[in-house]
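# Examination of the molecular architecture
Given next are the chains, with one letter for each unit.
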Amino acid sequence: QNSSVQKIFEPGSVFKPITMAMALDMKKVTPQTKYYDEGILKISGYTIQNFAQKSWGERTMTEVLEKSINTGAVFAERQVGHQNFLRYIENFGLLKKTGIDLQGEVASANLNLKKGYEVNFATASFGQGIEITPIQLFRGISVIANGGKLVKPYLVAKTIKDGVAIETVPEISDEQIISSQAANQLVVMMVNVVEKGYGKEARIPGYFIAGKTGTAQVPWSAMGMDKSGYSDKTIQSFIGFAPAFNPRFLILVKLDNPKAKTAEYSAAPIFHDLAKYIIDLWQIPPDYEVE
């Protein structure tokens, strides 16, 4: 199988920028909007906590992404509303195949989420209990990099027929999935994740990198086990694009159950090395001078 298009997974916190994009687009929050995190939420008999059971106190939406605060993502989703959340999920292309030119692409209808239970929307806000393929996540985050527009991914740059080269023309959505203002705000927030938050291992001196870490628990059902809940295995990811304010490339690093505790120490360094290689190869000019 080609896992990028044929394997569904729960993305975890790399999904949080998409939730935040919805709230920013609807003007329900700004990057400076504050809320108070008590470290725990009880919903319909379920308990939702932050990573390592941390309690962060009063925090802004920017800090929610920097510190990857689960309760902050739930707060943002609640401002959006469940029906709007589902509408945005569809607009971001997360309920259907991307149409990429690869065989056997799959997509999840996310029927559990559509049942409308409060706890399902809460966990989906931080990327648990929502199922997507890596290419769907990749395209969803690229909406932010593309100023709010959805692009159809493709592999083949051109085809040659009877000696004539036919270039593949990128398909870009006419409508804005989110406003360009919301996309720009989110780029700044994701730069802060790399400059100040859990994405520091992805930093490249001289360049602004927009990124997000994610450490997702793997459900027993995904491991072929006939029981509910989550195992102790993780999927650790980092997704980011650079240069942040004039993107040339976007990278998703996804690791299945690495030995590191979180993506900060596993996926982010791999992103750094690959991004640095591309920057050097393409000779991309720096955003600022390094002394």
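Below is a summary of the structure that appears in this document. (Residues numbered from 1 in each chain as written. Predicted model: local features only at pLDDT ≥ 70, side-chain atom pairs only at ≥ 80, totals over all residues. Heavy atoms only, no water.)

## Regarding the overall build of the protein
A tally of regular secondary structure across the protein gives ten helices and nine strands. Relative to its length of 291 residues, the protein is compact, with a C-alpha radius of gyration of 19 Å against a globular reference of 19 Å. Seen along its three principal axes, the alpha-carbon backbone of the protein occupies a region of about 65 × 50 × 40 Å. Nonlocal contacts in the protein, meaning residues at least 24 apart in sequence, comprise 67% of its contacts between residues at least 6 apart. Taken as a whole, the protein presents about 14,300 Å² of accessible surface, with 50% of it coming from carbon and sulfur. Computing the positive centroid from 31 side-chain charges and the negative centroid from 29, the protein places the two 3 Å apart. (Helix = DSSP H or I, 4+ residues; strand = E, 2+ residues; numbered from the N terminus. Rg over C-alpha atoms; globule rule 2.2 N^0.38 Å. Contact = heavy atoms within 4.5 Å. Areas by Shrake-Rupley, 256 points an atom, 1.4 Å probe, with all protein chains shown as cover. Lys, Arg positive; Asp, Glu negative; His and termini not counted. Charge placed at Lys NZ, Arg CZ, Asp CG, Glu CD.)

## Comments concerning the side chain of Thr-133
Secondary-structure assignment places Thr-133 in the loop between helix 7 (118-124) and helix 8 (134-145). For Thr-133, the contacting residues outside a window of four places in its chain are Ser-4, Val-5, Lys-7, Ile-8, Phe-9 and Val-106.

## Overview of the nonpolar core
One finds Met-20, Phe-85, Phe-92, Ile-141, Leu-186 and Phe-241 to be the most contacted residues of the largest nonpolar core, which totals 53 residues. Of the residues forming this core, the biggest block, eight residues, is contributed by helix 9 (residues 180-196). Core analysis: the next-biggest nonpolar cluster, separate from the first, contains 18 residues, Ala-242, Phe-249, Ile-278 and Ile-284 among them. (Core = buried A, V, L, I, M, F, W, Y, C linked by side-chain atoms within 4.5 Å. Buried < 20%, exposed > 50% of the residue type's maximum accessible area, 1.4 Å probe, protein only.)

## Thoughts on the packing of helix 2 (residues 16-25) against helix 9
The interhelical angle for the contact between helix 2 and helix 9, taken along N-to-C directions, is 140°, at an axis separation of 9 Å. Looking at the two axes, helix 2 sits oblique to helix 9. Two packed elements cross with a definite hand, and for helix 2 against helix 9 that hand is right-handed. Contact residues: Pro-17, Met-20, Ala-21, Leu-24 and Asp-25 in helix 2; Ala-182, Gln-185, Leu-186, Met-189 and Met-190 in helix 9. (Axes fitted to C-alpha atoms, helices over the stretch in contact; angles between N-to-C directions. Parallel < 35°, antiparallel > 145°, perpendicular 65-115°, else oblique. Left-handed = near helix turned anticlockwise from the far one by under 90°.)

## What to know about the layout of surface pockets
Empty space within the second largest pocket amounts to approximately 500 Å³. Sorting the residues of the lining of the second largest pocket by element identifies helix 8 and strand 9 (249-256) as the ones contributing at least two each. By residue number, the principal contributor to the lining of the second largest pocket is helix 8, which donates four residues. Taken together, the residues that form the lining of the second largest pocket break down as eleven nonpolar, two polar and four charged. (1 Å grid on protein atoms, 1.4 Å probe; cavity = no way out; pocket = protein on both sides within 12 Å on 5 of 7 lines; lining within 4 Å. Points joined across faces, edges and corners; volume = space filled by probe spheres on them. Nonpolar A, V, L, I, M, F, W, Y, C, P; charged D, E, K, R; others polar.)

## Structural notes on the pattern of salt bridges
Summed over the entire model, instances satisfying the criterion amount to seven salt bridges. Salt-bridge contacts for Lys-276 lead to Asp-280; the nearest nitrogen and oxygen are separated by 2.8 Å. In this pair, Lys-276 and Asp-280 are both assigned in helix 10 (residues 267-282), four residues apart and thus about one turn of the helix distant. Take Lys-276: its relative accessible area is 34%, and that puts it in the partly exposed class. (Salt bridge = Lys/Arg side-chain N within 4 Å of Asp/Glu carboxyl O.)

## Quick notes on the sheet that holds strand 9
Read from one edge of the open sheet, three strands run 7-8-9, paired in antiparallel fashion. A strand with exactly one partner marks an edge of an open sheet, and here the two such strands are strand 7 (210-219) and strand 9. On average, each strand axis in the sheet is tilted by 15° relative to the strand beside it, whichever way the strands run. Two strands pair when backbone bridges link them, and strand 7 and strand 8 (residues 230-242) are joined in this way by nine bridges, in the antiparallel orientation. From the neighbouring strand, Ala-210 faces strand 8, where its bridge partner is Phe-241. Where helix 8 meets the sheet, it contacts strand 8 and strand 9, and its direction lies at approximately 145° from that of strand 9. (Pairing = 2+ DSSP bridges.)

## Examining the packing of aromatic side chains
Scanning the model with the defined rule gives six aromatic pairs in all. Judged by centre distance (6.1 Å) and plane angle (85°), the ring pair of Phe-85 and Phe-121 falls under edge-to-face. Of this pair, Phe-85 sits in helix 5 (residues 82-91) while Phe-121 is found in helix 7, placing the two residues 36 residues apart along the sequence. For the pair Phe-85 and Phe-121, one class covers both residues: buried. A centroid spacing of 4.8 Å and a plane angle of 50° characterise the contact between Phe-238 and Phe-271, whose relative ring orientation is tilted. One end of the pair, Phe-238, is in strand 8; the other, Phe-271, is in helix 10, with 33 residues separating them in the sequence. For the pair Phe-238 and Phe-271, one class covers both residues: buried. Taking the ring centre of Tyr-88 as reference, the NZ or CZ of Arg-87 above it sits at 4.8 Å. Here Lys-227 stacks its cationic end above the ring of Trp-220, 3.9 Å away from the centre of that ring. (Phe/Tyr/Trp six-rings, centres within 6.5 Å; stacked < 30°, edge-to-face > 60°. Lys NZ or Arg CZ within 6 Å of the ring centre and 35° of its normal.)

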